[in-house]
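As a plain string of letters, each chain reads:
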Amino acid sequence: MEKKRIILTFIIAVATVMTVAAQDFDKYFTDATLRTDYIFSGNVKQQNIAVDELCRSPRWYGKRKRLAELPVEGNGQITVRDHKTHKVIYRNSFSTLFQEWLSYDEAKTQTKSFENVFLVPFPKDTADITVDLRNNRREVVASLTHTVVPTDILIRRIGERNVTPYVTLQQARDTTRCIHIAYIAEGYTKDEMPQFLADCDTAMEALFAHEPFSTMRDRFNIIAVEALSVDSGTSEPSKGIWKNTALGSHFDTFYSDRYLTTLHLKTLHDWLAGTPYEHIIVLVNTDKYGGGGILNSYNLSMTHHRAFKPVVVHEFGHSFAGLGDEYAYDVEQIPMYPHDVEPWEPNLTTLVDFHGKWENMIKDGTKLPTPEPKDLDKPNANMKKWKVGAYEPAGYSMHGVYRGFPDCRMRTNENPVFCPVCKRAITKLIEFYTE
């Protein structure tokens, strides 16, 4: 009898927490999205943040519980506070191309601006929104707080009509507690839309071929947004090729030949307005190798190169889960991770503050740092023999930054799976958003 009473008490407690969380959302927010557009500008010495525009679109497709919690720290954060009480009522993290650009030599002599767009639930009452940017030492280097009055007549209404056509590829088991992904077409003409939908299916099945996405598939709601381009393909500035496409994507980002991105984030979100989306995967109609992934911004991938499947999944590891790259260059072009600072990414460490990462996954006797196995070139045959540890190289650095496993989807295109460390990090994130 006592055991039944304990179980019943636990069930009531869980139900109470869930009810309070739902009431918390309903107390402060309405079922709509506030799109906040910013301009980030500056150079390596000084960075600035300015409000560009505010928009309102129907429905809110992000989290409704754990509103003030962050699953990953990110390179920046957006915080919403109730204006009267100053209570934090929503938080989220992000990374940006602007912050990445600051690590390049060009930022030492030039000043540039970048568009950035963030989505928060639409407040019922006046709210204060703070956006801050952090450097690679996890220090806040720029911050802006502005007040939003929900009745402001200059908040632009979007997504109420003329919504871009979209197809539902997969409906989540519970659409009120799920993760919303939108695939969006880039460089596909009207006649090429059937090919875009086929490419969406390929990308979706590639993702769900990986654990933990496979097991947790019914927690994802996925659509394909048919953004039409005038020209087929994407721009290649190094060849003098400029295309008229829906999102204005191009190779040669930061003068890197294979770095394929779009800088037009307002246009991207304009195409998506009124569709059920939170996480964005841009599919680019090209057979040239390239892509990119930015935490809580977008994942962008070419579709007709033989490495399409591993690349689109790898980039989603960045944009969705905040996973870091686990490879390195012979000469480190971008010193992204100071060796005396612990990275916030869940799959990277400098061993400066390893507590809370994957230390409990390491078996007794495994050395830290851990020597790479000699059979690294044969992942399919030898993965079962590998151990979780702390392996160099990682985080673009040959030494001083470590990954948790010999190989992983975040390290090479050839490895067929996410490693145990990344798999656990993704699982925790999916649970954070959906439980």
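Structure: see above.
Residues numbered from 1 in each chain as written. Predicted model: local features only at pLDDT ≥ 70, side-chain atom pairs only at ≥ 80, totals over all residues. Heavy atoms only, no water.

Caption draft 1: Focus on the overall build of the chain. Counting its secondary structure elements, the chain contains eight helices and 14 strands. Relative to the globule expectation of 22 Å for 435 residues, the C-alpha radius of gyration of the chain, 22 Å, shows essentially globular dimensions. For the chain, the spread of C-alpha atoms along the three principal axes comes to 75 × 65 × 45 Å. The burial tally for the chain puts 54% of its 435 residues in the buried class. (Helix = DSSP H or I, 4+ residues; strand = E, 2+ residues; numbered from the N terminus. Rg over C-alpha atoms; globule rule 2.2 N^0.38 Å. Buried < 20%, exposed > 50% of the residue type's maximum accessible area, 1.4 Å probe, protein only.)

Caption draft 2: Region of the structure containing the pairing of strand β11 (residues 220-225). Burial runs high along β11: six of the six residues are buried. Of the two faces of β11, the one carrying Phe220, Ile222 and Ala224 and the one carrying Asn221, Ile223 and Val225 are both buried. Note that strand β9 (residues 166-170) and β11 share four bridges and pair antiparallel. Across the sheet, residue Tyr166 finds its bridge partner in β11, namely Val225. Sheet topology note: the strand β10 (residues 179-186)/β11 ladder contains six bridges and is parallel. By the bridge assignment for β11, Ala182 is matched with Ile223. Assessed by its sense of winding, the connection that carries the chain from β10 through helix α4 (residues 193-207) to β11 is right-handed. (Pairing = 2+ DSSP bridges. Right-handed = clockwise from strand over helix to strand, strands pointing away.)

Caption draft 3: Structural detail: the side chain of Gln99. By secondary structure assignment, the location of Gln99 is in helix α2 (residues 97-101). Assessed through its relative accessible area of 12%, Gln99 is described here as buried. Side-chain polar atoms of Gln99 contact the backbone oxygen of Arg134, separated by 3.2 Å. With residues up to four places along the chain from it excluded, the contact list for Gln99 reads Asn75, Gly76, Phe94, Leu133 and Arg134. (Polar contact = N/O pair within 3.5 Å; in protein donor to acceptor, adjacent residues only side chain to side chain. Contact = heavy atoms within 4.5 Å.)

Caption draft 4: Just the nonpolar core, in detail. Membership of the largest hydrophobic core comes to 105 residues, with the highest contact counts inside it found for Phe213, Leu283 and Phe320. Other than its neighbours up to four places away in sequence, Phe320 contacts Ile179, Phe213, His279, Leu295, Ile426, Leu429, Ile430 and Tyr433. The next biggest cluster of nonpolar side chains, apart from the first, holds five residues, and it includes Tyr337, Leu348, Tyr396 and Val401. (Core = buried A, V, L, I, M, F, W, Y, C linked by side-chain atoms within 4.5 Å.)

Caption draft 5: Main features of the sheet that holds strand β12 (residues 279-284). The sheet built from six strands is open, its strands ordered β9-β11-β10-β12-β14-β13 with mixed pairing. Looking at which strands have only one partner, the edges of the open sheet turn out to be β9 and β13 (291-294). The mean inter-strand angle of the sheet, taken between neighbouring strand axes irrespective of direction, is 20°. Each of β10, β12, β13 and β14 (298-302) touches helix α6 (residues 308-321); the most contacted strand, β14, lies at about 165° to it. (Axes fitted to C-alpha atoms, helices over the stretch in contact; angles between N-to-C directions.)

Caption draft 6: Looking closely at α6. Taking 1.5 Å per residue as the helical rise, α6 with its 14 residues ought to reach 20 Å, and the 19 Å between its terminal C-alpha atoms agrees with that figure. With 13 of 14 residues buried, α6 lies mostly within the body of the structure. (Expected span 1.5 Å × (residues − 1).)

Caption draft 7: Representation of the environment of Pro393 within the structure. Inspection of the secondary structure assignment puts Pro393 in the loop between α7 (379-382) and α8 (420-434). Residue class for Pro393 comes out buried when judged on its relative accessible area of 13%. Sequence-wise, Pro393 and Ala328 are 65 residues apart; in three dimensions their C-alpha atoms are separated by 5.8 Å.

Caption draft 8: Focus on the sheet that holds strand β8 (residues 156-157). The mixed open sheet is built from four strands, whose spatial order is β5-β1-β2-β8. Single-partner strands in this sheet number two, and they are β5 (112-123) and β8. Two elements, strand β1 (residues 29-42) and β5, share twelve bridges in a ladder whose sense is antiparallel. When the sheet's bridge partners are listed, Arg35 is paired in β5 with Leu119. Packed onto the sheet, helix α5 (residues 265-272) meets β1, β2 (47-58), β5 and β8 and runs at close to 35° relative to β5.

Caption draft 9: Quick look at unusual backbone geometry. Cis geometry is found at the peptide bond from Glu211 to Pro212, where omega equals 5°. Note on placement: Pro212 falls in the loop between α4 and β11. Backbone torsion omega between Glu392 and Pro393 reads -5°, so that peptide bond is classified as cis. In the Ramachandran plot, Arg59 falls in the positive-phi region, its phi being about 70° despite a non-glycine side chain. Tracing the chain through its elements places Arg59 in the loop between β2 and β3 (76-82). Judged by its relative accessible area of 41%, Arg59 falls in the partly exposed class.

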